[in-house]
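So you can see what is in the structure, the chains are spelled out below.
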Amino acid sequence: MKLKEIIRSLDFQPVKITSPCPHYPLCGGCQLIDVAYPQQLELKEQIIKKAKAQTCPQLPVTVQPVIPALDTTYYRNKMEFSFGCKDENIYLGLKKRADFACVIKTDHCLLQSPIANQILQWASKYFTASFQDSTSPLYPYQDQPVWDHLKHKGLLRYLGVRHSKTHDQFLINLVISKDERPLFQDFITKLTAQFSQIVSVYITVQDTISDTAFSENIEHVFGTKTISEDLNGYQFEISPLSFFQTNTTQAKVLYQKILELADIQPQDLVMDLYCGTGTIGIYVAAKARQVIGIEEVEQAVTNARLNAQHNQVTNIEFYLGRVKNILKFNKFEPNVVIVDPPRSGLVPKALQRTLSLQARKLVYVSCNPVTLFHDLQIICKSGYQIKHFQPVDMFPNTYHLESIVVLERN
Ligand SMILES: C[S@@+](CC[C@H](N)C(=O)[O-])C[C@H]1O[C@@H](n2cnc3c(N)ncnc32)[C@H](O)[C@@H]1O
């Protein structure tokens, strides 16, 4: 069962409040913004219980109450908006609920910072004027200025906005469909003059029909290459393709909880699988003898190595590659393994090879209760027991939820 099906199957009838968002319910970004926050947390607990009942009802688990988020609005540090166009007016927005070909104008998103909203509004106005101006280098594209998700053509695709909450600095990634980067020089000059907080700009060419803002064809065109974020005294550099927890305030809570629950001993070798920019590994390294991180995105590993240096963490090393491959071709004997995979969970070979490490303790950090329980069932069959199950709300107003599960070998 998928997460959405689980939610539909629940008998949850919350008292509705007036949505503070002008784009709700058309926009598919927030599903619960018209539900009072305490009830959102109740729903999230029910989702976990239902996901468990569906997959592994026999597994003994005591789920702790969800740790609530400190901020319920303006909490995201990263968002990607699609371009849309109506009556020659270009706008930015999120996809319409249940209709991924339709972009809803969402230039006042309550999940991202107010300045990010101003950036969207400014960019919309700039492009509307430019495609109509015969002296603009963009004018030749006036017939198909924005990407059509059904016809698969059009120049402008996404605007990615990344915000360092610590330093109030922005990294912008403009995604276009053709290698026409020189046409955007004027845009970058005026955008960065308008918003002094923008310290870094990239342009990505994404010419495939797949609906993603990610592409290796990315070029740094302005300012610094990274922005940095501080988490409880550690500083992390972030590149546009690197994963970083999207809720900075709650990331501090999440990592502190991982550190506490992992209960690492001074002689422990700790593995941080799916390590992104090395955040969890660096965060726990002071407690451990040695930490090894594994991550498949090159930019993230480059960030991770620099992050370790800048934070003077010397007992950590990073491997670039897929978890299943690195574990196949190297021999490790960790005491504690922390896994934080993508929503899809661990692929069978990665799971089998993680289990064959035979660590004393496994800490599974997951943003998807469905794949989490699927994997937990296999992990428990192989001789681990769940010792602690701690949900942490990183995504208020949406039905998504993070969980930390601590398992020990019998
Ligand atoms: C949920 S993120 C966790 C990142 C990190 N632990 C953090 O807290 O910032 C998952 C990470 O796994 C990486 N990833 C996805 N599939 C992978 C694979 N097969 N092998 C290694 N890394 C992978 C992604 O690039 C991403 O950085």
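What you see is a predicted model; the values in this text were computed from it and never measured. (Residues numbered from 1 in each chain as written. Predicted model: local features only at pLDDT ≥ 70, side-chain atom pairs only at ≥ 80, totals over all residues. Heavy atoms only, no water.)

Caption draft 1: Structural detail: the nonpolar core. Counting 83 residues, the largest nonpolar core has F127, L156, L159 and F184 as the members making the most contacts within it. The leading source of residues in this core is helix 3 (residues 114-132), at nine residues. Ignoring any residue separated from it by four or fewer positions in sequence, one finds F184 in contact with F127, L138, L155, L156, L174, I176 and I203. Counting residues in each nonpolar core, the second largest holds 50 residues, with L3, A51, V66 and Y384 among its members. (Core = buried A, V, L, I, M, F, W, Y, C linked by side-chain atoms within 4.5 Å. Buried < 20%, exposed > 50% of the residue type's maximum accessible area, 1.4 Å probe, protein only. Helix = DSSP H or I, 4+ residues; strand = E, 2+ residues; numbered from the N terminus. Contact = heavy atoms within 4.5 Å.)

Caption draft 2: Layout of the domain arrangement of the protein chain. Domain parsing of the protein chain yields domain 1 (45-70 + 247-409) and domain 2 (78-231). Taken over C-alpha atoms, the centre of domain 1 sits 33 Å from the centre of domain 2. Facing ten residues of domain 1, the contacting portion of domain 2 comprises seven residues. By the criterion of area lost to domain 2, the three top residues of domain 1 are T248, K252 and Q299, representing 55% of everything that side buries. The tally of links between domain 1 and domain 2 comes to zero salt bridges. (Domains from an automatic or database assignment. Buried area = accessible area lost by both parts, 1.4 Å probe. Salt bridge = Lys/Arg side-chain N within 4 Å of Asp/Glu carboxyl O.)

Caption draft 3: Broad picture of a positive patch on the surface. Where like charges cluster on the molecular surface, the positive patch consists of K2, K4, R8 and R97. With respect to the helices and strands, the residue R97 is situated in the loop between strand 2 (89-96) and strand 3 (99-105). Residue class for R97 comes out partly exposed when judged on its relative accessible area of 33%. (Patch = residues over 30% accessible without salt bridge, like charges linked within 9 Å, V, L, I, M, F, W, Y side chains within 5 Å. Areas by Shrake-Rupley, 256 points an atom, 1.4 Å probe, with all protein chains shown as cover. Lys, Arg positive; Asp, Glu negative; His and termini not counted. Charge placed at Lys NZ, Arg CZ, Asp CG, Glu CD.)

Caption draft 4: Main features of the site of the ligand. As a structural note, the neighbourhood of the ligand is formed by 17 residues, with Q245, Y255, E295, V323 and D340 the closest of them. Y255 is positioned such that a nitrogen or oxygen atom in its side chain is 2.6 Å from an oxygen atom of the ligand. Y274 places a polar main-chain atom, nitrogen or oxygen, 3.1 Å from a nitrogen atom of the ligand. Isolated, the ligand exposes 590 Å² of accessible area, and the fraction of that covered by the protein chains is 89%. Here the shell around the ligand is composed, by residue class, of nine nonpolar, four polar and four charged. (Near = heavy atom within 4 Å. Polar contact = N/O pair within 3.5 Å; in protein donor to acceptor, adjacent residues only side chain to side chain. Nonpolar A, V, L, I, M, F, W, Y, C, P; charged D, E, K, R; others polar.)

Caption draft 5: How the structure looks around unusual backbone geometry. In this model, Y24 is joined to P25 through a cis peptide bond whose omega is 5°. The residue P25 is located in the loop between helix 1 (3-9) and helix 2 (37-55) in this model. Unlike most non-glycine residues, H152 shows phi in positive territory, near 60°. As for its position among the elements, H152 is in the loop between helix 3 and strand 4 (156-164). Classification of H152 as partly exposed rests on a relative accessible area of 32%. Backbone geometry places D168, a non-glycine residue, at a positive phi of 50°. Structurally, D168 is set in the loop between strand 4 and strand 5 (169-176).

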